[in-house]
Structures are given as C-alpha cells and as structure tokens.
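Now for the letters of each chain:
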Amino acid sequence: MSFFESITKKSKLKAAIKQTMDARSSEGGTADQLFKKVYQDYAEVVANEPLIAEALYNWGLALLHQARTKSREQAASLYQDAIAKFSFCLTIEPAYLGAALDGGVAYMELARVKAVEPNDSLYERAKNYFEKANAIQAGSASYNVACIYGLRGEKEACLNALEISKNKGYLPVVADILADPDLNRVKDQDWFADFIESLNKKPEPAAEISEAVAESAAESGATDEPKKAEIEQGSVENAAVVAEPEAVIEHKAQADEDAAEPDAVAEGVK
C-alpha cells in the first residue's frame, strides 16, 4: 500500500468513527441507516492494511452500541457480530486492550439478552476476555470479573477481584458499586459491607507521618522543622496520587467516548 493510500484510509477511518458517534445519537430507521453506512466504510478500511485492527475494534464498538438499542434476537445478532470483530482484532493485535475489555462486555450483555444463568458459558467467555484484558493491563478488568463472581455468589473470588481492582486504581466510585445490579446477590453480606466501609474511610497519611517524624525527632533530639514540613508535604502529594484513579476512572464505564480518536483504547465497562 502506498503512502497516499495509507493517508486516505486513515482519513476514511476517522470519518467512519465520527459517523458512528452520529449514529449512536440518532434513533430508529435513521440510526439503522447510519450504522449500515458506517459498517460499509469500516469494511473498506479493513480490506487492506495497515489499520485493520483499529478499524475492527471501532467496527465492533459501533455494533455493540447499536445492539443496546435493540431487543432479543436482533440485539443478540448484533452482539455476536461485535464479538466477532473484537475477536478478529485480538487475533491481529493480541495486546489490544479495548478489544479484550469490550469483548467481555459484549458477552455479558449478550448473556443478559438471552437471560441465561450466571454459570452459563456466555459468562465464562466474558470472564476469559476480562482475564485477557487483565493480562494486558493488570487490574483493568478486575471489577468486571468481580461482577461475574458476584452474579454467581462466589464470595472469596468476588472479594479478591474487588481488592485487586481497588489496589490497581480501577475501582468505580462507591455510589456506582452500590447501584450495580450484578452485585445484588452479595450486597447484603457482611464482607461486602466491610469492603464498602473500607472505601468510605479516608486515610490520613500526612498526620501519621507527621507523628512518626515527631517521635523520631524527640528520640534523637533533632529539631529540623523545615525537613519535617517537606516530608508532610510529600505525604499529602502521595495521598492525592493514590486517590485520583477512583475519581477519574469508571469501569463498566462509557470510556468509548475516546473512540472519537482512532487510538482510543477501551470502554472497559459493562
């Protein structure tokens, strides 16, 4: 493929992604027509490399969103098409995080449409995709995995996945966790209440370090106040860094808004 052809395909892919956003904001027959046109554009981009993985991911993302506007067989068919695109994307580029996350999301939503039991193979396939996402970026899909265990009522596995999500900075805010229907089966259990309580507790690292410094100074007779202030300031900055991901990252989230740019990574949200 020539340089000019590559530039042309890049431009076409950007236009297709924008048209996907237009289709998502439309309704009924208008939306269906826009989605159909978008799929044709993605197919043309996929026809030749080098943007095939990126095109497949965004194609799958468009199918995923259209599936959410349909019901039963129609929705199921679109979810299956989306999964096929995510799978093909991962075949070409195994480390494509967005395809791994949204492939799991598509399987979970397909499972809901089909109203299958939590132990059904569809949920297991979703978990396989989420585990692939975690292998690509540790903790990125641990909350989603916790939701599958929550649906199954598996306490130990659910809590472990929640802890990993928390420690890696990918846990949703408390309000979203409490509103998540996938966790309804475990919300009334003591261990879950304890976990939520631990999230509501605000650590005070600055005070703890300040006290430790004061004790150390008393023992040594040191009175280095400027150094003490510097340590306290450092602890506050570190606390802010730890707290930030919970406010910034949403999981089952709608991070696909980033798909407006070709290098979007993932929705990551159920």
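Residues numbered from 1 in each chain as written. Predicted model: local features only at pLDDT ≥ 70, side-chain atom pairs only at ≥ 80, totals over all residues. Heavy atoms only, no water.

## Remarks on the overall build of the protein
Then, in step 1: A tally of regular secondary structure across the protein gives twelve helices and zero strands.
Then, in step 2: Each helix and strand of the protein, ordered N terminal to C terminal, gives the series α-α-α-α-α-α-α-α-α-α-α-α.
Then, in step 3: Buried residues in the protein amount to 41% of all 270 residues.
Then, in step 4: For the protein, long-range pairs separated by at least 24 residues make up 63% of all intrachain contacts whose partners lie at least 6 apart in sequence. (Helix = DSSP H or I, 4+ residues; strand = E, 2+ residues; numbered from the N terminus. Buried < 20%, exposed > 50% of the residue type's maximum accessible area, 1.4 Å probe, protein only. Contact = heavy atoms within 4.5 Å.)

## Topic: helix α6 (residues 121-136)
Then, in step 1: A rise of 1.5 Å per residue sets the reference length of α6, with its 16 residues, at 22 Å; its end C-alpha atoms lie 23 Å apart and thus fit the reference within 8%.
Then, in step 2: When we look at burial in α6, the residues that qualify are Leu122, Tyr123, Ala126, Lys127, Tyr129, Phe130, Ala133 and Asn134. Relative to the axis of α6, the buried residues are bounded by an arc of 160° and lie together on one face.
Then, in step 3: On its buried face, α6 sits against α4 (72-92), α5 (97-114) and α7 (142-152).
Then, in step 4: Of the residues that open α6, the one with a side-chain oxygen 2.9 Å from the backbone nitrogen of Leu122 is Asp120. (Expected span 1.5 Å × (residues − 1). Arc of directions from axis to C-beta. Polar contact = N/O pair within 3.5 Å; in protein donor to acceptor, adjacent residues only side chain to side chain.)

## A few points about the environment of Lys14
Then, in step 1: Structurally, Lys14 is set in helix α1 (residues 3-24).
Then, in step 2: Take Lys14: its relative accessible area is 44%, and that puts it in the partly exposed class.
Then, in step 3: Here the alpha-carbon distance between Lys14 and Ala55, two residues 41 residues apart in the chain, equals 9.5 Å.

## Side note on the pattern of salt bridges
Then, in step 1: Tallying each qualifying case throughout the model produces ten salt bridges.
Then, in step 2: A salt bridge links Lys12 to Asp41; the shortest N-O distance between them is 3.8 Å. Here the residue Lys12 occupies a position in helix α1, and Asp41 occupies one in helix α2 (residues 28-46), the gap between them amounting to 29 residues.
Then, in step 3: Connected via shared salt-bridge partners are Glu124, Lys127, Glu131 and Arg152. (Salt bridge = Lys/Arg side-chain N within 4 Å of Asp/Glu carboxyl O.)

## With respect to the packing of α7 against helix α8 (residues 155-168)
Packed helix pairs are characterised by how far apart their axes lie and by the angle those axes make with each other.
Then, in step 1: The contact between α7 and α8 brings their axes to 8 Å, and the two run at 165°. Relative to α8, α7 is oriented roughly antiparallel. Crossing handedness for the pair α7 and α8: left-handed. Contact with α7, carried on its side by Ser142, Tyr143, Val145, Ala146, Tyr149 and Gly150, involves Ala157, Cys158, Ala161, Leu162, Ile164 and Ser165 of α8 and no other residues of that element.
Then, in step 2: Tallied by class, the residues present in the contact of α7 with α8 amount to nine nonpolar, three polar and no charged. (Axes fitted to C-alpha atoms, helices over the stretch in contact; angles between N-to-C directions. Parallel < 35°, antiparallel > 145°, perpendicular 65-115°, else oblique. Left-handed = near helix turned anticlockwise from the far one by under 90°. Nonpolar A, V, L, I, M, F, W, Y, C, P; charged D, E, K, R; others polar.)

## Brief notes about the state of the cysteines
Then, in step 1: In the structure shown here, the tally under the stated rule is zero disulfides.
Then, in step 2: Here Cys147 is not cross-linked by a disulfide; its sulfur's nearest cysteine counterpart is in Cys158, at 7.3 Å.
Then, in step 3: Look at Cys147 and you get buried, because its relative accessible area is 0%.
Then, in step 4: By relative accessible area, which is 0% here, Cys158 ends up buried. (Disulfide = S-S within 2.5 Å.)

## Some words on the environment of Leu178
Then, in step 1: Relative to the helices and strands, Leu178 is located in helix α9 (residues 174-179).
Then, in step 2: Spatially, the C-alpha atom of Leu178 lies 8.6 Å from that of Ile196, the residues being 18 residues apart in sequence.
Then, in step 3: Aside from chain neighbours lying at most four places away, what touches Leu178 is Lys187, Phe192 and Ile196.

## Structural notes on the packing of aromatic side chains
Then, in step 1: In the structure shown here, the tally under the stated rule is six aromatic pairs.
Then, in step 2: Arranged with centres 5.6 Å apart and planes meeting at 50°, the rings of Tyr107 and Tyr129 form a pair that is tilted. Residue Tyr107 is found in helix α5, and its partner Tyr129 is found in helix α6; the two are separated by 22 residues along the sequence. Accessibility classification places Tyr107 together with Tyr129 in one group, the buried group. (Phe/Tyr/Trp six-rings, centres within 6.5 Å; stacked < 30°, edge-to-face > 60°.)

## Re the nonpolar core
Then, in step 1: Tyr42, Phe130, Leu162, Ile177, Leu183 and Phe192 are the most contacted members of the largest nonpolar core, which totals 70 residues.
Then, in step 2: Broken down by element, this core gets its largest block of residues, eleven residues, from helix α3 (residues 52-67).
Then, in step 3: Not counting residues up to four positions away in its chain, the partners in contact with Ile177 are Tyr143, Leu171, Pro172, Leu183, Lys187, Phe192, Ile196 and Leu199. (Core = buried A, V, L, I, M, F, W, Y, C linked by side-chain atoms within 4.5 Å.)

## Observations regarding the confidence of the model for the protein
Then, in step 1: The predicted model of the protein has a mean per-residue pLDDT of 79, with 71% of residues at 70 or higher.
Then, in step 2: Under a pLDDT of 50 for its full length, residues 206-210 has, in the predicted model, seven contacts with residues more than four places off or in other chains. (pLDDT = per-residue confidence, 0-100.)

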